[in-house]
Amino acid sequence: MIEFRNVGKFYGSFRALDDVTETIARGEVVVISGPSGSGKSTLIRTINRLEPIDSGQILLFGQDIHRPGLDVDRFRSGIGFVFQQFNLFPHLSALDNCTLAPMKVRGVSEAEARERALALLDRVGLADKARSYPAQLSGGQQQRVAIARALAMEPPLMLFDEPTSALDPEMVSEVLLVIRDLAHQGQTLVCVTHEMGFAREVADRILFMDEGKILERATPEDFFDRPQHPRTQQFLSDLRSPFARNV
Amino acid sequence: MIDLIHNYWLYFLIGQYPDGPLGGLALTLLLGVAALGLALPLGIVLGLARTSSLRALRWPVTALVYVVRGTPLLMVIFWAYFFLPAVTGHQTSQFTTMLAALVLFNGAYLAEIVRAGIQGIPRGQSECARALGLGYWQSMRAVILPQALRNMLPSLVAQFVTTLKETSLGYIIGLSEVSFIAGQINAQVITQPVQVYTILALTYFLMCFGLSRVVRVLEKRGERSVATQ
């Protein structure tokens, strides 16, 4: 479904992505992990062209996403993206956050958009918060609304960029449970996260990145129990140090 | 003072109308409302151009903003007074001249307020709007500007009040707005300049104060609707 071919990206002279080649299949749940600055967020942001690339190719459904003549807005509307900082629109209610894009981008009628948005808010456990504004919601609730908003476009692919990193610890699991449910329903999803318990339970595959390269690709069992690359071993042992969480 | 008001109130309010052109406070209000009504959309368009990634849009507007900011309004008015007829080829009324000068001048100032407002919205908002598939205009209209305008409101009101007061400079090109009329009244009465100009000052104060209050009430209502829903 997604294919990276020798993708490279620089920020000035800093090499953010270094010759990344990888394929993600339809229905797959992939977790990307690695130390900060390793290029995980950059990689996931290249998939919907939030981040331009300097070399290589990215294919989605076999087609180059940088091909000339592509309608970028339409292309992006087919990929759900959930940000670390939620980025709910603060001047709109939870419901209106979820109906905005279907109405504006897809031309869905207001009645239909509302009905669908309410069903999605129900699915993330927030049916009673439809009329609330973002400022009235907790971080975990805001992130669940953000997931419902992304799902409202019925995207074949969902991307999560550290969806729980900005949350207080007690709100992490409510968000991860929603993402897990999506994964179990066959949604193709790519998630950048440090939540190793989540990765172990939900991921089909874990990609480990450092210095812009994918150093290890493994099933959760192999990743946690038999890591091959010394950098991965180091990373995992750091996570298991007494003051680290989530292992 | 009672006599003064009694004799001249109608002249003060509408000038020589209906025997002559509309003037006085009515003309001031008309000019102020028209100037604000045209300057705000112009300011938004210029402000968007100021934040554009396209140099061809950004640079001319930046130049305009710097020129206007470095020029007294009085000079812009004179300039419009002599320049507009030369360009259009026929006589331009004082009202149109004044309106053009006010719209250009305030449009440039408002552009800076709009730019600050847009740039004050976190980057994640437009990123997220674009990620959902909204185009540039859609994300501006539905996501960025509604938030930016709300944040800009205090600065906008300050600029609006300034614009209202600036209409008094129409005096200089003989536009019979309320300051001009006050001057005329003073010339006829001769003995009561303090009273005449006190009434004029109060009139401006009430207009500006009223505008500030109306916006404040609207602002509060907006906050309340967000808070209670």
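What you see is a predicted model, and the numbers here were worked out from it, not measured in a lab. Each residue is numbered by its place in its chain's sequence as written, counting from 1. Following the order in which they are written, the chains are lettered starting with A and the ligands numbered starting with 1. Restriction of local features to residues with pLDDT of at least 70 applies here, the model being predicted, together with a cutoff of 80 or more for giving and counting side-chain atom pairs; totals for whole chains, interfaces and linings are based on all residues. Hydrogens and waters are ignored; side-chain quantities use all the structure's heavy atoms.

Chemist: Looking at this structure, how should I read the nonpolar core?
Modeler: Across soluble globular proteins, you tend to see nonpolar side chains buried next to one another. To qualify as a nonpolar core, a set must consist of buried Ala, Val, Leu, Ile, Met, Phe, Trp, Tyr and Cys residues joined through side-chain atoms within 4.5 Å. Summary of the burial criterion: residues with accessible area below 20% of their type's maximum are buried, those above 50% are exposed, and those between are partly exposed, where the area comes from a 1.4 Å probe applied to protein chains only. Of all hydrophobic cores here, the largest spans 57 residues; its most connected members are Ile2, Phe4 and Leu157 of chain A. The greatest single-element share of this core, amounting to nine residues, is contributed by helix 7 (residues 136–166) of chain B. Here, residues are in contact when the closest pair of their heavy atoms is within 4.5 Å. Once residues within four sequence positions are removed from consideration, phenylalanine 4 of chain A is found in contact with Val20, Thr21, Glu22, Ile24, Leu43, Thr46, Ile47, Gln57 and Ile58 of chain A. Val29, Ala94, Leu137 and Leu189 of chain A belong to the second-largest nonpolar core, a separate cluster that totals 48 residues. Starting at the N terminus, helices and strands are each numbered in turn, a helix being any DSSP run of H or I of at least four residues and a strand any DSSP run of E of at least two.

Chemist: Would you mind going over the interface of chain B and chain A with me for this structure?
Modeler: Many descriptions give the size of an interface as the accessible area lost when the pieces come together. Contact with chain B, which involves 22 residues of that partner, is made by 23 residues of chain A. Buried area between chain B and chain A, both sides added, is near 2,000 Å², and the carbon and sulfur share of it is 59%. Any Lys or Arg side-chain nitrogen located within 4 Å of an Asp or Glu carboxyl oxygen qualifies as a salt bridge. Put simply, chain B and chain A have two salt bridges between them. What qualifies as a polar contact is a pair of N or O atoms within 3.5 Å, subject to a donor-acceptor requirement within protein and to the restriction that residues adjacent in sequence count only when both atoms come from side chains. For the pair chain B and chain A, the number of links is five residue pairs in polar contact (both at pLDDT 80 or more). Elements supplying a minimum of two residues to the side of chain B that touches chain A: helix 6 (123–131), helix 7 and helix 9 (193–228) of chain B. The biggest single contributor to the side of chain B that touches chain A is helix 6 of chain B, with eight residues. Put simply, buried area is the surface a 1.4 Å probe can reach on two separate parts but cannot reach once they are joined, added for both.

Chemist: Would you take a moment to explain the packing of aromatic side chains for this structure?
Modeler: For any pair of aromatic rings, geometry is given as the distance between the ring centres together with the angle between the planes. Any two rings among Phe, Tyr and Trp, with Trp reduced to its six-membered ring, count as a pair given centres within 6.5 Å; such a pair is stacked if its planes are under 30 degrees apart, edge-to-face if over 60, and tilted if neither. If you walk through the whole model with that rule in mind, you get 10 aromatic pairs over all chains. When the ring of phenylalanine 223 of chain A is compared with that of phenylalanine 224 of chain A, the centres are 5.1 Å apart and the planes differ by 90°; the resulting orientation is edge-to-face. Here the two residues phenylalanine 223 of chain A and phenylalanine 224 of chain A agree in accessibility, since each one is buried. Centroid distance tyrosine 81 of chain B to phenylalanine 82 of chain B: 5.2 Å. Interplanar angle 75°. Geometry classified as edge-to-face. Grouped by ring-pair contacts, the aromatic residues Phe208, Phe223, Phe224 and Phe235 of chain A constitute a single cluster. Lysine and arginine charges are scored as sitting over a ring when NZ or CZ, respectively, is within 6 Å of the ring centre and within 35 degrees of the ring normal. In this arrangement the basic side chain of arginine 149 of chain A is found over the ring face of phenylalanine 89 of chain A, its NZ or CZ atom lying 4.6 Å from the centre. Just above the ring of tyrosine 66 of chain B sits the side chain of arginine 69 of chain B; from NZ or CZ to the centre is 4.9 Å.

Chemist: Looking at this structure, how should I read the pairing of strand 4 (residues 55–60) of chain A?
Modeler: In summary, the side chains of a regular strand alternate between the two faces of the sheet. Residues and elements named next belong to chain A. Strand pairing is assigned whenever DSSP detects at least two bridges linking the two strands. Bridge analysis of strand 1 (residues 2–11) against strand 4 gives five bridges, and the strand direction is antiparallel. Bridge assignment links phenylalanine 4 to a residue of strand 4, and that residue is isoleucine 58. Relative to strand 5 (residues 63–64), strand 4 runs antiparallel, the two being bridged by two bridges. Counterpart to leucine 59 in the pairing with strand 5 is aspartate 64. The antiparallel hairpin formed by strand 4 and strand 5 contains two residues in its connecting segment, where phenylalanine 61 sits at a positive phi of about 50°.

Chemist: Which parts of the structure should I look at to understand the pattern of salt bridges?
Modeler: Side chains carrying opposite charge are able to pair once their charged atoms draw close together. Scanning the entire structure with this criterion turns up 24 salt bridges over all chains. Among the ionic pairs, arginine 231 of chain A bridges to aspartate 210 of chain A, the shortest N-O distance being 2.8 Å. Pair noted here: arginine 231 of chain A is in helix 9 (residues 230–239) and aspartate 210 of chain A is in strand 9 (residues 205–210), with a separation of 21 residues, a long-range link. A relative accessible area of 13% means that aspartate 210 of chain A is categorised as buried. Residue glutamate 219 of chain B is joined to arginine 216 of chain B by a salt bridge in which the shortest nitrogen-to-oxygen separation is 3.1 Å. Placement of the pair is glutamate 219 of chain B and arginine 216 of chain B together in helix 9, with a separation of three residues, close to one helical turn. The class of glutamate 219 of chain B is partly exposed, set by a relative accessible area of 22%. Each member of the salt-bridge network shares a partner with another, and the members are Lys9, Arg45 and Glu51 of chain A together with Arg123 and Glu127 of chain B.

Chemist: Looking at this structure, I do not really get helix 6 (residues 172–184) of chain A. What am I missing?
Modeler: Quick reminder: α-helices carry 3.6 residues per turn. Residues three or four places apart thus point the same way. Residue and element names in this part refer to chain A. Taking 1.5 Å of rise per residue, the 13 residues of helix 6 would be expected to cover 18 Å, and the 18 Å separating its terminal C-alpha atoms lies within 8% of that figure. Listed in full, the buried residues belonging to helix 6 are Val172, Val175, Leu176, Val178, Ile179, Leu182 and Ala183. One side of helix 6 carries all its buried residues, which in axial view fall inside an arc of 155°. Residues of helix 6 that are buried in the fold lie against strand 3 (29–33), helix 4 (110–123), helix 5 (139–151), strand 7 (157–161), strand 8 (188–192) and helix 7 (196–202). Of the residues one or two after helix 6, glycine 186 is the one with positive phi, at around 90°. What a helix should span is 1.5 Å times the count of its residues minus one. The reported arc concerns the directions from the helix axis to the C-beta atoms and nothing else.

Chemist: Help me understand unusual backbone geometry in this model?
Modeler: In most cases, non-glycine residues show a negative phi, while peptide bonds are predominantly trans. The residue after tyrosine 17 of chain B, namely proline 18 of chain B, is reached through a cis peptide bond having omega 5°. With respect to the helices and strands, proline 18 of chain B occurs in the loop between helix 1 (2–14) and helix 2 (24–50). The backbone phi angle of glutamate 162 of chain A is positive, close to 45°, even though this residue is not glycine. We classify glutamate 162 of chain A as buried; its relative accessible area is 12%. Its identity is not glycine, yet glutamate 211 of chain A carries a phi of approximately 50°, on the positive side. The class for glutamate 211 of chain A is exposed, based on a relative accessible area of 59%.

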